[in-house]
Amino acid sequence: MDTVDLARWQFGITTVYHFLFVPVTIGLSVLVAILNTAWVRTGNPAYLRATKFWGTLFLINFAMGVVTGIVQEFQFGMNWSSYSRFVGDVFGAPLALEALLAFFLESTFLALWMFGWDRLPKLVHLACIWTVAIGSMVSAYFILAANSFMQWPVGVTVGRRAELADFGAVLTNKVLLATFPHTVLGCWLAGGVILMAVSAWHLARKRDADVFGPSLRLGAVAVLVGAAGTLVSGDVLGKIMTQTQPMKMAAAEALYDTRQPAPFSLFTIGTLDGTRPIFALEVPGLLSQLATGSFDGKVHGVNDVQREYQRRFGPGDYRPYIPLAYWSFRLMIGFGMLAGLVALVLLWLTRGGRVRGKGWIWRAAVWSVVLPFLAHSFGWIFTETARQPWVVFSQMKTVHGVSPSVGVGTVLTSLIVFTLLYGVLAVVEAGLMIKYGRMAPPSGDSTEPTGPGEPSPAY
């Protein structure tokens, strides 16, 4: 492997690992806020216990997300200095707003919510957790604005570096407007699955049904909304992707030659050099509908887009690794929809407010906890690898973005160190989630103050 390969591996590992915590944080923040609202409105102590229980798991993931995000930033200066110089003027504004506005909003009001039990008026305390939930989504918007610029660069003048000319264009990038709802809905799916899995574990042991029965149903509803929403928003995003990055859409379907109408392949085997298919199981016309909105639409194939890109950008291979793009796209969809199926079954079995079901459904619900993480990971792998060879589409190739003075040994060393560090963090995260996820929710409905300077017993 050369420096570019190692730097890409490190970026992939740190980004995918960091994004294990981001969707849980965003999703759980909304669900905890809903439970907190239910307690304030009804006074039901079960909702108070649920709020504090799920709030503890939310805080663990928030902290881990911050730590892994900080580690992730180091690689930009070390391995991607040429890329950082090229996009620095553009990324400076949205990432500064994310740190100074959105993250400050999240962390400040999270601290107020965490230590404000029994010290703040109920409505003020409730407003704090809703502010955290809104802040997390605002934070996601600014970060996705930077990523969407890499997919479809707008609002800049490009010379030796990209210089920001229209910040409004960056914040209204059509890729961003399609990606943001798709990502947030996927986060609701992740947060909902956490509620489903942990609640099922407790309900299977007949523990605290007053807390985990409603939590399971709330989580299942969130998963269904997330699964359905990602399908709809993904359909919109697919059409935008066809307009902006036709090679990515062609790679996602392993469509080698232009077709009109174009079928959607359920299963494709291609040649090793990625130039033509050998066998494909197809649904006629479906890809045309997904890509263009018409069952008779034209979809350009990999080979034809390759020739067009050579004409526009000069000689070179502009094809991503087709098998990775093809299967990561399908695994993303498959794991997300499987989580939705589990949620649907759970809602049916718990209809009427009753908790019923056999051991197999509880085990399925517990193991469903891995599904959104696999879906998100494969989604990001598809998003970033299917754009190759571009680090900024049409403006900078990945090979030109690495640091010119960093050698293979340096990148390999940092890759090993970061991987070991993330391994330790994974053990810590798993231990904390298992420890607090297995604990019974705080007992009692007392809201008496705990004393000056003392944290709430829930934390």
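Further up the page is the structure itself.
Everything quoted here is computed from the prediction, not taken from an experiment.

A. Highlighting the overall build of the protein chain. Each helix and strand counted, the protein chain has 15 helices and six strands in total. Relative to the globule expectation of 23 Å for 459 residues, the C-alpha radius of gyration of the protein chain, 23 Å, shows essentially globular dimensions. Projected onto its principal axes, the C-alpha positions of the protein chain cover 70 × 50 × 40 Å. When burial is assessed residue by residue, the protein chain has 51% of its 459 residues classed as buried. Across the protein chain, every contact between residues at least 6 apart in sequence was considered, and the portion connecting residues at least 24 apart equals 78%. Of the accessible surface of the protein chain, which amounts to about 20400 Å², a share of 68% is contributed by carbon and sulfur atoms.

B. Layout of the packing of aromatic side chains. Using the criterion set out here, one finds 27 aromatic pairs in the structure. With a centroid separation of 6.1 Å and an interplanar angle of 80°, the aromatic rings of phenylalanine 91 and phenylalanine 149 are classed as edge-to-face. Separated by 58 residues along the polypeptide, phenylalanine 91 in helix α4 (residues 81-115) and phenylalanine 149 in helix α5 (residues 122-151) bring together distant segments of the chain. Phenylalanine 91 sits in the buried class, given a relative accessible area of 11%. Their ring planes at 85° and their centres at 5.0 Å tell us that tyrosine 326 and tryptophan 327 sit as a pair that is edge-to-face. In this structure an aromatic cluster arises from ring pairing among Trp152, Tyr309, Phe313, Tyr318, Trp390 and Phe393. The residue whose ring lies beneath arginine 351 is tryptophan 348, and the NZ or CZ to ring-centre distance is 3.7 Å.

C. Molecular detail of the packing of helix α2 (residues 22-42) against helix α3 (residues 45-79). Two numbers describe how α2 lies on α3: the axes approach to 9 Å, and their chain directions differ by 160°. Comparing their axes, α3 and α2 come out roughly antiparallel. Judged by the twist between their axes, the crossing of α2 over α3 is left-handed. From α2, Val24, Thr25, Leu28, Ser29, Val32, Leu35, Asn36, Ala38, Trp39 and Thr42 reach across to α3, where they touch Tyr47, Leu48, Ala50, Thr51, Trp54, Gly55, Leu57, Phe58, Asn61 and Phe62. Looking at the contact of α2 with α3 residue by residue, the classes come out as 13 nonpolar, seven polar and no charged.

D. Structural detail: unusual backbone geometry. That bond from glutamine 260 to proline 261 is cis: its omega, -5°, falls within 30 degrees of zero. Between glutamine 388 and proline 389 the backbone carries a cis peptide bond, its omega angle lying at 15°. Looking at the secondary structure, you find proline 389 in the loop between α14 (371-385) and β5 (390-392). The phi dihedral of aspartate 208 is positive, around 50°, even though this residue is not glycine.

E. Up close: a nonpolar patch on the surface. A cluster of nonpolar side chains, namely Leu97, Leu101, Ile134 and Val138, defines an oily patch on the protein surface of about 290 Å² accessible area. When residues of the nonpolar patch are traced back to their parent elements, those giving at least two are α4 and α5. Structurally, leucine 97 is set in helix α4.

F. Representation of the environment of glutamine 310. Assignment of secondary structure puts glutamine 310 in helix α11 (residues 302-313). The residues contacting glutamine 310, other than those within four sequence positions of it, are Pro315, Gly316 and Tyr318.

G. Representation of α4 within the structure. Its 35 residues give α4 an end-to-end C-alpha distance of only 41 Å, which falls more than 12% under 51 Å, the value for a rise of 1.5 Å per residue. At glycine 88, α4 shows its maximal bend, which comes to roughly 70°.

H. Structural view of the packing of α3 against helix α8 (residues 209-244). Viewed as axis vectors pointing N to C, α3 and α8 meet at an angle of 70°, and their least axial separation amounts to 9 Å. Taken as axis vectors, α3 and α8 run roughly perpendicular relative to one another. Both α3 and α8 take part in a crossing whose hand is right-handed. Two secondary-structure elements touch here, α3 through Ala46, Tyr47, Arg49, Ala50, Phe53 and Trp54 and α8 through Asp210, Val211, Phe212, Pro214 and Ser215. The residue makeup of the contact of α3 with α8, split by class, is eight nonpolar, one polar and two charged.

I. Here's a closer look at the side chain of asparagine 61. Assignment of secondary structure puts asparagine 61 in helix α3. Residue classification places asparagine 61 among the buried positions, given a relative accessible area of 3%. For asparagine 61, the side chain forms a polar contact with the main-chain oxygen of leucine 57, separated by 2.9 Å. Ignoring anything within four residues of it in the chain, the contact list for asparagine 61 reads Phe21, Val24, Thr25, Glu429 and Met433.

J. Up close: the pattern of salt bridges. Applying the stated criterion across every chain yields a total of eight salt bridges. Among the salt bridges present, the one from arginine 49 reaches aspartate 208, with a minimum N-O distance of 2.9 Å. Of this pair, arginine 49 sits in helix α3 while aspartate 208 sits in the loop between α7 (174-204) and α8; the two residues are 159 residues apart in sequence, bridging distant segments of the chain. By relative accessible area, which is 12% here, arginine 49 ends up buried.

K. Here's a closer look at the nonpolar core. Counting 52 residues, the largest nonpolar core has Trp54, Phe58, Ile129, Met196 and Leu346 as its most contacted members. Examining the composition of this core, we find that ten residues originate from one element, α3, more than from any other. Not counting the four nearest positions on each side in its chain, leucine 346 is found in contact with Met196, Leu216, Ile361, Trp362 and Ala365. Counting 27 residues, the second-largest nonpolar core is a separate cluster that includes Ala250, Val305, Ile322 and Phe393.

L. Structural detail: the side chain of threonine 56. In this fold, threonine 56 is placed in helix α3. In terms of polar contacts, threonine 56 uses its side chain to reach the backbone carbonyl oxygen of lysine 52, at 2.9 Å.

M. Region of the structure containing the environment of isoleucine 134. Following the sequence through the fold, isoleucine 134 ends up in helix α5. Judged by its relative accessible area of 47%, isoleucine 134 is partly exposed. In this structure the C-alpha to C-alpha distance between isoleucine 134 and alanine 102, which are 32 residues apart in sequence, comes to 8.7 Å.

Rules used throughout
Residues numbered from 1 in each chain as written. Predicted model: local features only at pLDDT ≥ 70, side-chain atom pairs only at ≥ 80, totals over all residues. Heavy atoms only, no water. Helix = DSSP H or I, 4+ residues; strand = E, 2+ residues; numbered from the N terminus. Rg over C-alpha atoms; globule rule 2.2 N^0.38 Å. Buried < 20%, exposed > 50% of the residue type's maximum accessible area, 1.4 Å probe, protein only. Contact = heavy atoms within 4.5 Å. Areas by Shrake-Rupley, 256 points an atom, 1.4 Å probe, with all protein chains shown as cover. Phe/Tyr/Trp six-rings, centres within 6.5 Å; stacked < 30°, edge-to-face > 60°. Lys NZ or Arg CZ within 6 Å of the ring centre and 35° of its normal. Axes fitted to C-alpha atoms, helices over the stretch in contact; angles between N-to-C directions. Parallel < 35°, antiparallel > 145°, perpendicular 65-115°, else oblique. Left-handed = near helix turned anticlockwise from the far one by under 90°. Nonpolar A, V, L, I, M, F, W, Y, C, P; charged D, E, K, R; others polar. Patch = residues over 30% accessible without salt bridge, like charges linked within 9 Å, V, L, I, M, F, W, Y side chains within 5 Å. Salt bridge = Lys/Arg side-chain N within 4 Å of Asp/Glu carboxyl O. Expected span 1.5 Å × (residues − 1). Bend = angle between axes of the 7 residues up to and from the residue. Polar contact = N/O pair within 3.5 Å; in protein donor to acceptor, adjacent residues only side chain to side chain. Core = buried A, V, L, I, M, F, W, Y, C linked by side-chain atoms within 4.5 Å.

So yeah, pure geometry; function would need other evidence.
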